[in-house]
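Commentary on secondary and tertiary structure
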Amino acid sequence: MSNSGILRSSLAKKYVMALSGLFLCLFLLGHLAGNLQLFNTSAEGQLAFNEYAHFMTTFPLVKLLSYLTYAAVLFHVVDGIALTIQNRKARPTGYVKEKGSANASWSSRNMGILGTIILVFFVSHMQNFWYVMHFGPIGESDGLKDLHTVVMTFFGPENGLAGLAVAGYVLAQFALGFHLIHGFQSGFQSLGLRHSKYSPLIDRAGLLFGIGVPTLFASIPVYLFFIQL
Amino acid sequence: MNLTLKVWRQDGPEATGHMDTHALGGVSPDMSFLEMMDMLNDQIIRAGEEPVAFDHDCREGICGMCSMFINGEAHGPGRGVTTCQLHMRSFNDGDTIAIEPWRAQAFPVIKDLTVDRSAFDRVIQAGGYISVNTSGNTIDANAIPVPKEQADDAFSAATCIGCGACVASCKNASAMLFVSAKVSQFALLPQGQPERESRVQRMVEQMDKEGFGNCTNTGACAVECPKGIDLSNIARMNRDFMSATVKSKK
Amino acid sequence: MLDSKIPEGPLADKWTKYKDDIQLVNPANKRSIDVIVIGTGLAGSSAAASLAEMGYNVKALCFQDSPRRAHSIAAQGGINAAKNYQNDGDSVHRLFYDTVKGGDYRSREANVHRLAEVSTNIIDQCVAQGVPFAREYGGLLDNRSFGGVQVSRTFYAKGQTGQQLLLGAYSALSRQISKGKVDMLTRHEMMDVVMLDGKCRGIIARNLVTGELERHAAHAVVLATGGYGNVFFLSTNAMGSNVSAAWKAHKKGAHMANPCFTQIHPTCIPVSGEHQSKLTLMSESLRNDGRIWVPAKKEDADAIRNGTKKALEIAEADRDYYLERRYPAFGNLVPRDVASRAAKERCDAGFGVNKTGEAVFLDFASAINRYGKTEASIRGLSEPSTEEIVTLGKEVVKAKYGNLFDMYKQIAADNPYETPMKIYPAVHYTMGGLWVDYNLMTSVSGLYATGESNFSDHGANRLGASALMQGLADGYFVLPYTIGDYLANDIRTGAISSDSAEFEAAEKAVQERIDHLINNKGSKPVDDFHRRLGRIMWNECGMSRNEAGLKKAIVEIRALREEFWKDVRVPGNATSYNPELDKAGRVADFLEQGELMCMDALAREESCGGHFREEHQTPDGEALRDDENFAFVSAWEFVGDPSESKMIKEDLVFENIELKQRSYK
């Protein structure tokens, strides 16, 4: 079995999907931990958040992790598109009547659409925060780039489209939630990690993760929006 | 019962198909779905037209030949049954029933509801066997004990009838459940160990060559499988393929 | 004269000695010899795989879309082998004896003994191939018991033994296909055999997808084409199972032996309506635990039939467990022919329990109770309630027969855990078939028949779990040896050409018949004729036969055959996929075979095994054999028309078994 054969194999593509996906789940946890600091809108909160943002953009190990994350996103997206194209080809003529709901969950059947929503969100998210953080324009506070204010402003009354931004953010988190509910346990399945005793636990953890993480993410802009009304 | 049947008609692999509508009366709830199709064909032949071609043989759910996509589901609405085991009591008087062939690049339509599933045979030929000659002079059957639980799991995997409902139901037309069932049967038995790694590699390679889609773990295959082949088989194959790939010399 | 070519010497040594003496073909020469195998069931797949492994060039054909779909796959119960793993006194001799006795002394001793000898190899072979037989907790193979024997020698894989064995043979075949040693032609049907200089040298086949006729030449042809139970229209056979290949061989000179020996299986789901297309078997293994009964009082039977009473309302004292009553020694596990006739006798007497009056009960209540008590005791429940016992008992029954119960529920829409199953006998297997000698060669040189398609091993009645044994024995361990003895003379022959006049003539005849069917444009579909033939056969040549009925049937079948050729309507064309055309060709052959079956049944003026002539019975209604005049195989020779077939006798010589009135009382 040649190496090139292995890389072209459908299963290898699945491993890439699973590994990158599960890695991104870890990233989400880290990101969420940072974001939760935004609930603290006081001056100390602002400082702490800006220090955290500074640390995340400068500390070498974190930088390395961030490159890994970009790679994971890239792999996940490119691989996902490749798989989707292949899967379309595998059924050139579709069914006249197909009752997908009879045998599979909605999210499992719509990972591509969900992923696309998340990708669109990801791009705009990067533009709104990541780009501003790295390339400005951004103010300073206590000698640090003031990302905290950027966020507050973005979801505050100064931004005429803040309501829309919040709605988009929440919608994206819904998409993320459904994506995770299927993706989390699916990743384990793709890696062959299934066991009659432990799999129910993984499934439950996946459900918890898929509901919990996006809910917490979404609650932040909603909170920021309402306290500034 | 009176039914309206919408049936896929297609003259050959290259022809374009379409749904034809037939009215059928006098259907009894005790009839099997295929007996209802027999009745339809009888009516069509007597009217001087060409009957609907469909695959069927044993009509007791074991040969794997029957293969209809009924009202949007492989083998129809029943669970754990093939088309031939589906009975008309699962439907109501006045129902409209859509009947289509399995649809997949790897299963080209031969005619109407009949498809070519030889891709499955080629996957088995790629390695779905234990290389032992038929001498009869192997060791005594009881020389290798197999723990009952493992033997039962191997049996459960081996009950796959190769009907292709997994491919038909999968939104990606993936054959993972079929391939993994055979891989698992041998992976669970001591007799299957010597070729365990090369087997999974060869079978997966052939599966890909046939143009089946990729598994996205929707689980539709296992739900529609008339023999209840479990998703754990796919996980086992994922695991085996990975370890075979890591360990293989080339 | 028929020469069965049974080797000399003591029975137990015949096969071993014979194998040592027959000619071999060296590996280099095998590469230049071609063999065609028709059919890929147990006998065909195993033969094709074994021959290819030995080095021959093999071409295998099946009419299904994959070799794995052959009807062997539907066998449920198990496979016999004289392993004596249960230490219950089993042995090769006992298996041999049980099979000859079970077959009502109408089979060849030497063949049956060979079958019993190789039975043990089959199990070893299958386990090595990864066939997942049922096992006990210690990891060793489990066994169960079947009708007509008093030992547990049946190996099984739940209710799917045939499937597992066939998939084993299919995997061996697949391995050879991948090596290029077997050329596998699926959706191909054999249309005729081709004879060159008195030897079978090939076939005409039809590609069922394109309709094209193909010529395939070979040094020998093996038929592994199964039985012809579908002559009855309703049977447990698959819809495609047919007699055509065997019948074409018969018309080219292969004798058809004991065609009237048909096995009617006692435990099938009864006919439910006029559109029924096939009958479903409920494995014989159910008789290990199920008790068969009908109401003892006629008024109860009437009440059940018209729906005013239910089975559960019949008091224990008012039930007639007629098998236990008539055959106390074997009870519910009497052989199939006996059990079937007993059911018919009760139903004919007016005790049937479904609308049509053709059903008896198969009741698991006492098994549920018995198992429940044992299970309660295992779990240490003191004084369990009746409900607890029943619940536990149902769990045990479910573990043993769950898939069969589910199947029943699906078809009959009735819950067999709560109410007794209704069952009735149905056509299941044909013991008769192409006459073969000890080498499994038919009366045509170079043409072999294996498995159910030959007549050799089961006499007038086959024991449960013996068909799988015979199919694999023939394919794995008998034919691959014996065919070498014939092919050894062909090492200098070179490749056979299919360009000869003989091939051309055969192809032309096949084409003409197809054209006739397509161009006939009659008024009735094929099934119409098939159903009517089936009714004649079931009524007159089924579970019991008599002279007047058989004579009437022969006249009716001839008339039906004539009408078929005048009035059959085959839609479509012959140059594309056309299942109706395939079916028409098969039914045309059934219309000839059916007549021969009736002729054979008429000629055999005795009752034996599955053949019950009403004129020949004991005062208490048991089959009455006539060993003095009928201890022979009736081999029929085709001489131009089925009605003129000539019977040739092969006397059966019993040197090792004393012929006795079969008794299971």
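Residues numbered from 1 in each chain as written. Chains lettered and ligands numbered in written order. Predicted model: local features only at pLDDT ≥ 70, side-chain atom pairs only at ≥ 80, totals over all residues. Heavy atoms only, no water.

A word on the overall build of chain A. When helices and strands are tallied, chain A shows nine helices and two strands. Projecting the C-alpha coordinates of chain A onto the three principal axes gives extents of approximately 60 × 40 × 35 Å. Taken over 229 residues, chain A has a buried fraction of 41%. Here the analysis covers contacts within chain A between residues at least 6 apart in sequence; of these, 75% occur between residues at least 24 apart. (Helix = DSSP H or I, 4+ residues; strand = E, 2+ residues; numbered from the N terminus. Buried < 20%, exposed > 50% of the residue type's maximum accessible area, 1.4 Å probe, protein only. Contact = heavy atoms within 4.5 Å.)

Going through the model one piece at a time under the given rule, you end up with 11 cavities of 30 Å³ or more. By volume, the second largest cavity is sized at about 620 Å³. The wall of the second largest cavity is formed by 39 residues, among which B:His56, C:Pro579, C:Glu580, C:Lys583 and C:Arg586 lie closest to the centre. Secondary structure elements with two or more residues in the lining of the second largest cavity: helix H1 (33–46) of chain B together with helix H15 (526–541) and helix H17 (579–603) of chain C. By residue number, the principal contributor to the lining of the second largest cavity is H17(C), which donates seven residues. (1 Å grid on protein atoms, 1.4 Å probe; cavity = no way out; pocket = protein on both sides within 12 Å on 5 of 7 lines; lining within 4 Å. Points joined across faces, edges and corners; volume = space filled by probe spheres on them.)

Taken together, the contact between chain B and chain C spans 72 residues of the former and 76 residues of the latter. Across the interface of chain B and chain C, roughly 6100 Å² is buried in total on both sides, 53% from carbon and sulfur atoms. Considering only the surface of chain B that becomes buried against chain C, B:Glu60, B:Thr134 and B:Phe155 emerge as the three largest contributors, covering 12% of it. There are five salt bridges connecting chain B and chain C. Residues B:Glu60 and C:Lys278 are paired through a salt bridge, measuring 2.6 Å at the closest nitrogen-oxygen approach. Applying the counting criterion to the chain B and chain C interface returns 42 residue pairs in polar contact (both at pLDDT 80 or more). Counting residues per element, the ones that place at least two in the side of chain B that touches chain C are H1, strand S6 (109–111), strand S7 (114–115), helix H2 (118–125), helix H3 (148–158) and helix H5 (176–187) of chain B. (Buried area = accessible area lost by both parts, 1.4 Å probe. Salt bridge = Lys/Arg side-chain N within 4 Å of Asp/Glu carboxyl O. Polar contact = N/O pair within 3.5 Å; in protein donor to acceptor, adjacent residues only side chain to side chain.)

On to the nonpolar core, then. Of all hydrophobic cores here, the largest spans 248 residues; its most connected members are C:Ile79 and C:Phe133. Setting aside residues no more than four positions away along its own chain, C:Ile79 makes contact with C:Ile122, C:Ile123, C:Phe133, C:Arg153, C:Thr154, C:Phe155, C:Thr161, C:Leu165, C:Ala465, C:Leu468, C:Met469 and C:Leu472. (Core = buried A, V, L, I, M, F, W, Y, C linked by side-chain atoms within 4.5 Å.)

This next bit is on the interface of chain A and chain B. Contacts between chain A and chain B engage 35 residues on the former and 52 residues on the latter. The closest approach of N and O atoms between B:Glu73 and A:Lys99, which form a salt bridge, is 3.9 Å. There are 28 residue pairs in polar contact (both at pLDDT 80 or more) connecting chain A and chain B. Contributing elements (two or more residues each) for the side of chain A that touches chain B: helix H1 (3–8), helix H2 (10–35), helix H4 (60–89), helix H5 (106–109) and helix H8 (162–190) of chain A. Residues that form the side of chain A that touches chain B fall into these classes: 12 nonpolar, 14 polar and nine charged. (Nonpolar A, V, L, I, M, F, W, Y, C, P; charged D, E, K, R; others polar.)

A separate point is the domain arrangement of chain C. Residues and elements named next belong to chain C. Domain annotation of chain C identifies domain 1 (265–427) and domain 2 (510–628). Using only C-alpha atoms to locate each centre, domain 1 and domain 2 end up separated by 32 Å. With 13 residues of domain 1 in contact, the opposing surface of domain 2 contributes 11 residues. Roughly 870 Å² of surface becomes buried between domain 1 and domain 2 when both sides are summed, with 53% attributable to carbon and sulfur atoms. Summed over the shared surface of domain 1 and domain 2, the number is one salt bridge. Glu 622 serves as the salt-bridge partner of Arg 326, at 3.1 Å between the closest nitrogen and oxygen. On inspection of domain 1 and its partner domain 2, the count reaches five residue pairs in polar contact (both at pLDDT 80 or more). Those elements that provide at least two residues to the side of domain 1 that touches domain 2 are helix H10 (336–351) and strand S15 (421–430). Here the residues of the side of domain 1 that touches domain 2 sort into five nonpolar, three polar and five charged. (Domains from an automatic or database assignment.)

To continue, consider helix H6 (residues 111–135) of chain A. Residue and element names in this part refer to chain A. The largest bend in H6 comes to about 40°, at Met 126. What H6 keeps buried is the set Met 111, Leu 114, Ile 118, Phe 121, His 125, Met 126, Phe 129, Val 132 and Met 133. Positive backbone phi, approximately 70°, marks Gly 136, located one or two places after H6. (Bend = angle between axes of the 7 residues up to and from the residue.)

Residues and elements named next belong to chain C. Read from one edge of the open sheet, five strands run S5-S2-S1-S9-S17, paired in parallel fashion. The open sheet has two free edges, formed respectively by strand S5 (182–185) and strand S17 (447–449), since each of these has just one partner strand. The mean inter-strand angle of the sheet, taken between neighbouring strand axes irrespective of direction, is 20°. (Pairing = 2+ DSSP bridges. Axes fitted to C-alpha atoms, helices over the stretch in contact; angles between N-to-C directions.)

Here the focus is the sheet that holds strand S4 (residues 73–74) of chain B. Residue and element names in this part refer to chain B. As summarised here, the arrangement of the five strands in space is S2-S1-S5-S3-S4, forming an open sheet in which the pairing is mixed. The two strands at the open ends of the sheet, each matched to only one other strand, are strand S2 (18–24) and S4. Where strand S1 (residues 3–9) and S2 come together, seven bridges link them in antiparallel fashion. Bridge pairing in S2 places Lys 6 opposite Thr 21. The strands that H1 touches are S1, S2, strand S3 (69–70) and strand S5 (96–100); relative to S2, the one it contacts most, it runs at about 90°.

Next up on the list: the packing of helix H5 (residues 109–129) of chain C against helix H13 (residues 467–487) of chain C. Residue and element names in this part refer to chain C. The N-to-C vectors of H5 and H13 enclose an angle of 100°; their axes lie 9 Å apart at closest approach. In terms of axis orientation, H5 runs roughly perpendicular to H13. Only Met 469, Gln 470, Leu 472, Ala 473, Tyr 476, Phe 477, Val 478 and Thr 482 of H13 make contact with H5, whose side of the interface consists of Arg 114, Leu 115, Val 118, Ser 119, Asn 121, Ile 122, Gln 125, Cys 126 and Gln 129. (Parallel < 35°, antiparallel > 145°, perpendicular 65-115°, else oblique.)

Another point: unusual backbone geometry. Residue and element names in this part refer to chain C. You will see that Lys 5, though not glycine, has its phi angle at about 55°, which is positive. Structurally, the position occupied by Lys 5 is in the segment before helix H1 (11–21). Residue Lys 5 is classed as partly exposed on the basis of its relative accessible area, which comes to 40%.

Turning our eyes to something else, we now look at the side chain of B:Arg59. Residues and elements named next belong to chain B. Positionally, Arg 59 belongs in the loop between H1 and S3. Overall, Arg 59 belongs to the buried group, its relative accessible area being 6%. At a separation of 2.8 Å, a polar atom in the side chain of Arg 59 contacts the side chain of Asp 38. Among the polar contacts made by the side chain of Arg 59, one reaches the side chain of His 56 at a distance of 3.2 Å.

All names here are of chain C. If you trace the backbone, Leu 11 turns up in helix H1. On the accessibility criterion, Leu 11 (10% relative accessible area) is buried. Along the backbone, Leu 11 and Gln 163 are 152 residues apart, and their C-alpha atoms lie at a distance of 33 Å. Residues contacting Leu 11, with those up to four places away along its chain left out, are Phe 96, Glu 109, Ala 110, His 113, Glu 117 and Asn 656.

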